[in-house]
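Spelled out, the chains give:
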Amino acid sequence: MSDTPRLRLSGVTRSFRTEAGELPVLRGADLDLNAGEIVALVAPSGTGKSTLLHLAGLLEKPDGGKVIVDGQDTSGMADKARTALRGQSIGFVYQFHHLLPEFTALENVVLPQMAIGTARAAAEARAHELLASFGLKGREAHRPGRLSGGEQQRVAISRALANRPGLLLADEPTGNLDVGTSDLVFEELLAAVRNAGVAALIATHNPDLAARMDRVVTLREGHVVPA
Ligand SMILES: Nc1ncnc2c1ncn2[C@@H]1O[C@H](COP(=O)(O)OP(=O)(O)OP(=O)(O)O)[C@@H](O)[C@H]1O
């Protein structure tokens, strides 16, 4: 495994224009995430967790500072290159599954692989393997609407890991599940991430879940600091 951090945020700034004026959310945030490291992001509502995850995930650009993914500085990158890097190196899990409702569980895991050029047969084999590892053997042909909330999140996690990303970003990944299911799915998520040696940044409001990760950070006055 290389020593290059899977994610490096360096002096990242981001503010939003609001009716009350300029709202500085991130004021020079620094964070290094090494391969295999699982970090919890626990911070009060409105302090910038989603903003940070969107910037780390190359969904938005910072006003200043650097977002470096797998050693690649994304600052001056063209949109096409950012999209390619995102597809190849970053997996996302959201609070709500965001699966494509018209496609089966299998297809939802196959499509992001085909989007980066994986052949269908190989993508299907990988999808079968991932879904089986989350206990979804026999459910591959179901559409999301016919799966339980926990099953939907397991498909979403399979999808996030499908391209073997170096970095997984998750925003309250089990936040919409009941407590028992949330614990179970969260354990499965952590096990899969550890197995794959993926670096993960996981925002959660749940201190019990955060305690199971390697490190807990928070946001204070626009900076990432140890919790
Ligand atoms: N596009 C935007 N335009 C204006 N203000 C925004 C925008 N996005 C976020 N904000 C503001 O920036 C601050 C941080 O928002 P963000 O969603 O990152 O917080 P959060 O910590 O993820 O909150 P929560 O835990 O409630 O999801 C909030 O005050 C929010 O209102």
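Calculation notes
By convention here, each chain's residues receive numbers from 1 onward along its written sequence. It should be noted that, the model being predicted, local features are given only for residues of pLDDT at least 70 and side-chain atom pairs only at 80 or more, the latter also being counted only at that level, while totals for whole chains, interfaces and linings use all residues. Only hydrogens and water are set aside; all other atoms, that is, all heavy atoms of the structure, feed into the side-chain values. UniProt positions are given in the numbering used here, feature names are shortened, and annotations may be inferred rather than shown by experiment. A molecule or strand has a residue near it when one of that residue's heavy atoms lies within 4 Å. As used in this structure description, the phrase polar contact means that two N or O atoms lie within 3.5 Å; if the pair is within protein, one of them must be able to donate a hydrogen and the other to accept it, and residues adjacent in sequence are counted only when both atoms belong to side chains. Computed with a 1.4 Å probe, the accessible areas rest on the Shrake-Rupley method; for each residue, only the protein chains presented here act as cover. The way it works is that DSSP assigns letters per residue, a run of H or I at least four long becomes a helix, a run of E at least two long becomes a strand, and they are numbered from the N terminus. Ten residue types, Ala, Val, Leu, Ile, Met, Phe, Trp, Tyr, Cys and Pro, are classed as nonpolar, four, Asp, Glu, Lys and Arg, as charged, and the remainder, Gly among them, as polar. By nonpolar core we mean a set of buried residues, namely Ala, Val, Leu, Ile, Met, Phe, Trp, Tyr and Cys, connected to one another through side-chain atoms within 4.5 Å. Type-normalised accessible area, obtained with a 1.4 Å probe on protein chains alone, sets the label of each residue: buried when under 20%, exposed when over 50%, and partly exposed for intermediate values. Note on contacts: a residue pair qualifies if any of its non-hydrogen atoms lie within 4.5 Å across the two residues. Here a Phe, Tyr or Trp ring, Trp counted by its six-membered ring, pairs with any other such ring whose centre lies within 6.5 Å, and the pair is stacked when the planes are under 30 degrees apart, edge-to-face when over 60, and tilted otherwise. A cavity here means a set of 1 Å grid points, computed over protein atoms only, where a 1.4 Å probe fits but cannot escape. A pocket is an open set with protein on both sides within 12 Å along at least 5 of 7 lines, and lining residues have an atom within 4 Å of a point. Grid points are joined across faces, edges and corners, and a volume is the space filled by probe spheres set on the points. When DSSP finds two or more bridges between a pair of strands, those strands are recorded as paired. Only C-alpha atoms enter the line fits that serve as axes; for helices the fit covers just the stretch in contact. Angles between N-to-C directions range over 0 to 180 degrees.

Looking at an unreviewed UniProt entry, the chain carries the name ABC transporter ATP-binding protein, with the source organism given as Pseudoroseomonas ludipueritiae. In its Sequence similarities (unreviewed entry) section, the UniProt entry covering the chain states "Belongs to the ABC transporter superfamily."

Looking at this structure, how should I read the site of the ligand?
Phe16, Leu23, Val25, Pro44, Ser45, Gly46, Thr47, Gly48, Lys49, Ser50, Thr51 and His205 make up every residue found near the ligand. Between an oxygen atom of the ligand and a side-chain N or O atom of serine 45, the distance comes to 2.5 Å. Between the ligand and the protein, one listed contact pairs an oxygen atom with a backbone N or O atom of serine 50 at 2.8 Å. For the ligand, the accessible surface in isolation is 640 Å², of which the surrounding protein chains cover 58%. For the shell around the ligand, the secondary-structure elements that each account for two or more residues are strand E2 (21-33) and helix H1 (49-56). For the shell around the ligand, the element with the most residues is H1, which contributes three residues. Across the shell around the ligand, the residue classes tally to four nonpolar, seven polar and one charged.

Please explain the nonpolar core as it appears in this structure.
Side chains of a nonpolar character, in soluble globular proteins, are inclined to be buried together. Ranked by size, the top nonpolar core spans 36 residues in total, and within it Val155, Leu161, Leu168 and Ile202 carry the most contacts. At the level of secondary structure, the elements contributing two or more residues to this core comprise strand E3 (38-41), helix H3 (105-115), helix H4 (120-133), helix H5 (149-161), strand E7 (167-171), helix H6 (179-196), strand E8 (199-203) and helix H7 (207-210). Looking at which element gives the most residues to this core, the answer is H6, with six residues. Not counting residues within four places of it along the chain, the set of residues in contact with leucine 168 comprises Gly91, Val93, Ala160, Leu161, Leu189, Val193, Val198, Ala199, Ala200 and Leu201.

Looking at this structure, how should I read the packing of aromatic side chains?
Two aromatic rings are characterised by how far apart their centres lie and by the angle between their planes. Evaluation of the coordinates by the stated rule reveals one aromatic pair. With 5.9 Å between their ring centres and 10° between their planes, phenylalanine 92 and tyrosine 94 make a pair best called stacked. Exposure remark for phenylalanine 92: the relative accessible area of 15% places this residue in the buried category.

I'm lost on the layout of surface pockets in this one. Help?
The gaps of empty space that remain are located by a probe, the size of a water molecule, rolled over the atoms. Computed from the structure, the largest pocket encloses a volume of approximately 360 Å³. Around the largest pocket, the lining comprises 15 residues; the ones closest to its centre are Gly87, Ile90, Phe92, Pro112 and Asn163. Elements supplying a minimum of two residues to the lining of the largest pocket: helix H2 (79-89), strand E6 (90-93), H3 and H5. If one sorts the elements of the lining of the largest pocket by residue count, H2 sits on top with four residues. Within the lining of the largest pocket, the residues separate by chemical class into nine nonpolar, four polar and two charged. In this model, the second largest pocket occupies a volume close to 250 Å³. Counting only elements with at least two residues in the lining of the second largest pocket, the list comes to H4 and H6. Counting residues per element, the lining of the second largest pocket draws most heavily on H6, at five residues. Counted by class, the lining of the second largest pocket contains eight nonpolar, two polar and four charged residues.

Any chance you could explain the side chain of serine 89 here in plain terms?
Mapped onto the fold, serine 89 is located in helix H2. If we skip the residues at most four places from it in the chain, serine 89 touches Val69, Asp70, Pro165, Gly166 and Leu167.

Got a minute to help me understand the sheet that holds E3 in this structure?
Hydrogen bonds between backbone groups are what pair the strands of a sheet, and the pairing can be parallel or antiparallel. Spatially, the six strands line up as an open sheet ordered E6-E7-E8-E3-E9-E10, and their pairing is mixed. A single partner strand is all that each edge strand has here, and the edge strands are E6 and strand E10 (223-226). Taking each pair of neighbouring strands and ignoring which way they run, the sheet shows an average axis angle of 25°. Sheet topology note: the E7/E8 ladder contains five bridges and is parallel. Bridging from a neighbouring strand, leucine 168 pairs with alanine 200 of E8. H5 contacts E6 and E7 of the sheet and is inclined by roughly 170° relative to E6. Across the sheet, H6 is in contact with E3, E7 and E8; its angle to E8 comes to roughly 155°.

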